[in-house]
Every structure is written in structure tokens, then in C-alpha cells.
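# A structural walkthrough
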Amino acid sequence: MEFSSGRGRLKQARLAGDRRDLYPHSLQFYLEPPTENISLVEFETFAIDRLKLLKVVENLGVSYVRSSDSYKTKLEFELRKLKFPYKALAEDDYEARRKDHISHFILRLAYCQSEDLRRWFLQQEMDLLRYRFNEVTDNLRQKFLEHVNLSFEAVSEDLKNELANELYTSTPGLSMTKVKEQMFYKVGLADAVDLFRARRVFIKDGFAYVPFKEIDVIVLNNYRTKLSKALALTARSLPSIQSDERLQPLLNHLSHSYIGPDYSVQKNTGKISLEQIDTLSVKSFPLCMRQLHKALRDNHHLRHGGRMQYGLFLKGIGLTLEQALEFWKKEFIRGKVDADKFDKGYAYSIRHSYGKEGRRTDYTPYSCMKIIMSNPPSQGDYHGCPFRHSDPELLKQKLQSYKIPPSGIAQILELVKGMHYQLACQKYFELTHDVDNLGFSLNHPNQYFTESQRLLSGGRELKKELSNSGNCQQKSNSQESMNSNSTPTSSNTTADAELEGLEAYFTED
């Protein structure tokens with residue numbers, strides 16, 4: 001794939017008939033990387049749209065049964081909205097197929113950088129392919145199988161009738177009538193190993209007799225193998241890609257991306273008093289911030305990671321600079337820090353985070369992805385995501401102390417076990433606010449606070465504020481994106497590094 005800085009492309013060449021042969025089907029295994037020139041603007045737009053799509057796939061996969069009508073309807077709506085192929089459309093589907101192809105490879109670059117990222121990307125891409133494969137017609141499905149060299153021998157009617165009783169007893173969910181109606185394929189055991197282990201197919205002479213309705217399992221196994229190998233190979237090639245100063249910031253941004261309001265500017269600035277914070281921490285703070293607030297009240301101190309995470313969150317919910325200085329000073333001088341030391345050191349870093357010192361950068365509250373993926377807490381730290389960084393038993397005890405019912409705790413721990421940390425936080429929101437379905441995805445601690453206040457106030461106060469809060473972080477300028485979003489696990493942003501240096505100079509942990 002090559003990149004150009006301009007927006008213009010020769011559409012007439014791209015729309016020529018021979019170019020359409022690149023995408024004969026709306027389904028793809030993404031075996032060949034794109035080779036055309038694209039602009040950096042299109043590069044980022046495609047990648048962000050696919051990331052939005054995969055986030056929806058993850059959320060729907062936990063919230064709904066994948067074969068349910070609600071799941072299919074909501075996912076089709078998202079595919080249509082983002083202009084990705086959602087069914088085998090007519091020939092004018094070329095642009096959607098091209099976007100699908102290119103965006104997959106961009107995110108493959110971004111999500112090959114760690115085992116956690118690879119695992120997440122692989123799971124969402126498999127769920128997306130499963131939905132698409134099951135939505136196309138039988139005829140197009142068969143053509144796709146042939147296209148990816150998965151054309152299996154169909155069982156003749158005579159042989160199927162001869163084996164009807166064995167197929168009926170060995171294939172769960174099929175009545176004798178369905179067995180006679182269903183097309184069966186002879187599939188090698190190596191390709192049907194999951195079905196064989198689950199005792200869902202009839203085995204004879206080294207072949208599994210797989211009903212057409214189960215073929216998606218074979219396809220997904222094959223796709224998983226190919227994509228896993230491709231991600232590993234891509235990871236080996238990263239050093240050469242990381243040397244490209246145009247791409248590396250974009251790829252780092254994408255792999256830890258949050259897309260939404262940045263909460264750096266709030267309509268309710270100054271409307272929250274310091275006396276309200278204790279009450280708000282119980283009613284409307286996400287678990288990560290509730291944990292930090294309690295640690296601050298108990299210990300009268302937070303180390304640097306906690307001060308940054310919690311301080312920017314408080315800034316985002318509306319604390320002014322003057323309130324922040326008063327809040328932190330009152331708490332710290334109750335511990336081992338005297339007023340003079342606070343004024344000389346800690347106060348500077350607070351003013352710095354509000355854009356009043358140093359480079360005058362107006363720092364953005366951390367998103368969930370930044371908290372989850374960067375700067376994990378060590379001994380004596382309280383920052384991070386409790387769902388990601390806490391021992392499950394300690395997390396269980398914490399939830400019990402907050403009066404979360406046992407059934408709710410079990411649901412949260414199951415989501416944590418599946419590494420759905422943001423969805424676990426969403427379940428925590430539902431349980432603490434006594435709602436069944438939020439109707440949106442939680443991606444930011446300040447979003448949690450805003451939605452909680454909107455819900456508790458009956459939607460009167462903060463609805464307008466929510467729709468206008470901050471600037472959207474979907475920016476084409478990569479430097480702005482890097483300043484307002486999270487960074488890869490291996491390094492912090494230049495701005496955060498500068499804060500770390502200032503903190504080390506003026507204060508001690």
C-alpha cells in the first residue's frame with residue numbers, strides 16, 4: 001500500500017472493469033494486500049470507520065444472541081451507515097468492497113502490535129465474517145467457498161438417503177425431514193475438527209458429513225488460521241513500518257483509539273462544588289474514579305499516575321483550576337505534604353494540566369482505552385481500570401462492598417474473563433443505576449459521569465451539554481489526535497513525558 005498527501009485520485013481508472021475483478025465477492029479473506037495509492041486522509045477515515053464497526057460488533061456480540069433478529073438488524077444498520085458491504089450487493093458495491101479491503105489491512109497494521117490487540121482484532125473480524133457469510137444467498141455462499149478454495153464435495157441424494165438415520169442421530173438440531181432437505185458436504189476431519197469434538201457431525205471413512213448450516217464453522221476456522229498467521233507476519237514487519245514518521249503516530253493512535261467527545265471543555269465548568277464530590281463519587285463516578293477518590297480520601301495522597309487520571313477526570317466534569325488547586329491542596333496537607341511544598345511542586349503540575357504552564361496544552365481527560373492499555377498500576381498505585389488491572393477476587397470483594405447483587409457480580413466477572421473490560425463497566429453502570437439496557441456504548445469515564453447525571457436528573461440538565469461537550473476526536477491531523485488520545489503501552493505521549501519530567505523535578509511521589 002502506498003500513500004500520498006493529496007486528496008485527489010483517478011476515479012475513472014479505479015472504476016474500470018478490470019479493477020472490479022479485484023473484488024468479485026462482498027466477502028473476503030483478505031489474502032492479498034492493497035497496492036494502490038491512497039491519501040493519508042482516506043487512510044485515517046477508512047481506519048476509523050472500521051474501528052467504529054468492530055466496536056459495534058464487540059458490543060452487540062455481548063448484548064445479543066448473534067443469530068437474533070436484533071443483532072442482525074443493528075449490525076446491518078451500522079454497516080449501511082459506515083458504507084461497508086453488508087450483503088452481496090449489486091455491481092455498484094465496488095466502493096464499499098474497496099473500503100472493506102483497505103480498512104482491514106490498516107487495522108491489521110495497528111492491531112498486530114501486542115497479543116491482546118491481536119486477540120481482540122481476530123475475534124471481532126471473525127464475528128463480522130460470520131454475520132456476512134450467513135446473510136448471503138446459498139448460491140453466492142457457494143461461489144465464495146469456491147473462490148477461497150473451500151469447495152467441498154456435495155453428498156449425493158442417494159448417499160444421503162442411505163445414511164439418513166446416521167445423519168439424523170449424529171447431527172443435533174435436525175429433524176429427519178430437515179436432514180432430507182439439507183445439503184450435506186464431505187469435509188476432511190482437519191477442517192471439521194471443532195464440529196467433530198463437539199459431536200455435531202457424522203464421521204465415516206475419514207470424512208465429516210457437514211450440513212450446510214454448519215459450513216460457517218469450517219469457514220471461520222479456516223479464516224482464523226489464515227488471519228492469525230497474517231497478524232504474526234505483520235508484527236515481524238513492524239520495524240520497517242515504524243520508521244515511517246507519517247504512519248507510526250496514526251497506527252499508535254488507532255490501536256488505542258477513542259472516538260467521541262474529548263471532554264476538555266465542559267458547559268458545566270464551575271457548576272460542581274467541592275462539597276458535592278464525595279456524594280457524586282458514589283452516585284455517578286465510574287469504578288476507576290470511585291477507587292481513586294476513596295484512595296485519595298484514605299491516604300491523603302495519590303502517586304503521579306493516579307493524580308493525572310483522576311485530576312483530568314475532575315477537570316472534565318467541571319472543576320475549575322481554582323477549585324482543583326483547593327481540592328488537591330486541602331487533601332494533601334492532611335497527609336505528609338505541607339502547604340509550601342504543595343505550592344512549589346504539585347500546584348505547578350495542576351496548572352500545567354489546565355494549560356496554564358509549559359506549552360499551554362489543554363490536556364484531555366483519559367479515555368477508557370488509554371486507561372486500559374497504557375501505564376498499568378504497580379504496588380502502591382490506584383490508577384488504571386479495576387476491570388482490567390485488579391485481581392478477580394479483589395474485584396469481587398470491591399463489588400460486594402458496593403452492594404452489587406451476586407448475579408450482577410457474576411455477569412461482570414464473566415465479561416472480565418472474556419476481556420470485555422468496557423462492557424463490564426457498562427454492566428456496572430446498569431446495576432448501579434437500575435437500568436436494563438443503556439442504548440449506547442461506554443467508552444470514557446466522563447461519558448459515564450455525564451450519562452449518570454442525565455439519568456439521575458431525568459435528562460433535564462446535561463442532555464444539551466452532552467451533545468456539545470468537547471471536540472470530536474475524529475481528527476485528520478495526527479498530531480492533534482496524539483495529544484488528545486491514548487498512546488501505546490510501550491511509551492507515553494510527548495506531553496505526558498513532559499509532565500512526568502516536571503513532576504520529578506518539583507515533587508516526590
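Residues numbered from 1 in each chain as written. Predicted model: local features only at pLDDT ≥ 70, side-chain atom pairs only at ≥ 80, totals over all residues. Heavy atoms only, no water.

Looking up the protein in an unreviewed UniProt entry gives the name DNA primase large subunit, with the organism given as Eudyptes chrysocome. As stated in UniProt under Cofactor (unreviewed entry), the record for the protein gives "[4Fe-4S] cluster". Heading Sequence similarities (unreviewed entry) of the UniProt record for the protein holds this comment: "Belongs to the eukaryotic-type primase large subunit family." (UniProt positions renumbered as here; feature names shortened; annotations may be inferred.)

## Topic: the side chain of Lys427
Secondary-structure assignment places Lys427 in helix H24 (residues 421-433). Here Lys427 falls in the buried class, since its relative accessible area comes to 19%. Those residues in contact with Lys427 that sit more than four places away from it in its chain are Gln411, Ile412 and Leu415. (Helix = DSSP H or I, 4+ residues; strand = E, 2+ residues; numbered from the N terminus. Buried < 20%, exposed > 50% of the residue type's maximum accessible area, 1.4 Å probe, protein only. Contact = heavy atoms within 4.5 Å.)

## Some thoughts on the packing of aromatic side chains
In this structure the tally under the stated criterion is 24 aromatic pairs. Ring geometry for Tyr310 and Trp328: centres 6.0 Å apart, planes at 75°, overall edge-to-face. Of this pair, Tyr310 sits in helix H17 (residues 304-317) while Trp328 sits in helix H18 (residues 321-332), placing them 18 residues apart in sequence. Take Tyr310 and Trp328: they sit in the same class, and that class is buried. Taken together, the aromatic side chains of Phe285, Tyr310, Phe313, Phe327, Trp328, Phe332, Phe342, Tyr346 and Phe449 make up a single cluster linked through ring pairs. A cation sits over an aromatic face here: Lys99 above Phe84, 4.8 Å from the ring centre. Lying across the ring of Phe207, Lys186 places its NZ or CZ 4.8 Å from the centre. (Phe/Tyr/Trp six-rings, centres within 6.5 Å; stacked < 30°, edge-to-face > 60°. Lys NZ or Arg CZ within 6 Å of the ring centre and 35° of its normal.)

## A look at the pattern of salt bridges
For the coordinates displayed, the defined rule picks out 29 salt bridges. Note that Glu125 and Arg50 form a salt bridge whose closest N and O atoms lie 2.8 Å from each other. Here Glu125, found in helix H6 (residues 115-135), pairs with Arg50, found in helix H3 (residues 40-63); they are 75 residues apart in sequence, far enough to count as distant. Judged by relative accessible area, Glu125 falls into the buried class, the value being 1%. Looking at Arg50, the relative accessible area reads 0%, which means it is buried. Two residues, Asp343 and Lys329, come together in a salt bridge whose shortest N-O distance is 3.3 Å. Linking Asp343 in helix H19 (residues 339-353) with Lys329 in helix H18, this pair joins segments that are 14 residues apart in sequence. (Salt bridge = Lys/Arg side-chain N within 4 Å of Asp/Glu carboxyl O.)

## Quick word on the pairing of strand E6 (residues 207-211)
The buried fraction of E6 amounts to four of the five residues, a majority that puts the element mostly inside the structure. Here five bridges tie strand E4 (residues 184-188) to E6, and the two strands are oriented antiparallel to one another. Across the sheet, the residue bridging to Lys186 is Tyr209, located in E6. Looking at chain direction, strand E5 (residues 202-204) and E6 are connected through three bridges and run antiparallel. Directly across from Lys204, in E6, lies its bridge partner Phe207. Where E5 folds back on E6, the antiparallel hairpin that results is connected by two residues, among which Asp205 adopts a positive phi of roughly 55°. (Pairing = 2+ DSSP bridges.)

## Thoughts on the confidence of the model for the protein
Across the protein, pLDDT averages 80, with 82% of residues at or above 70. Looking at the elements of the protein, mean pLDDT is at its lowest for helix H27 (residues 478-484), recorded as 35, and at its highest for helix H16 (residues 287-299), recorded as 96. Contacts from residues 3-18, a stretch scored under 50 in pLDDT, to residues over four places away or in other chains number 24 contacts. Every residue in residues 460-508 is under pLDDT 50, and counting partners more than four places away or in other chains gives 100 contacts. (pLDDT = per-residue confidence, 0-100.)

## Focus: the UniProt feature "binding site: [4Fe-4S] cluster" (unreviewed entry) in the protein
Per the UniProt record, "binding site: [4Fe-4S] cluster" (unreviewed entry) is annotated on Cys288, Cys368, Cys385 and Cys425. Across 138 residues in sequence, these annotated residues keep their C-alpha atoms within 9.7 Å of one another, forming a single compact spot. Within the secondary structure, Cys288 sits in helix H16. Cys288 gets classed as buried once you look at its relative accessible area, which sits at 10%. Leave out the neighbours within four places in its chain, and Cys288 touches Gln309, Gly384, Pro386 and Pro445. Of note, Cys425 is situated in helix H24. Overall, Cys425 belongs to the buried group, its relative accessible area being 11%. Setting aside its immediate chain neighbours within four residues, Cys425 contacts Pro286, Phe387, Leu442 and Tyr448.

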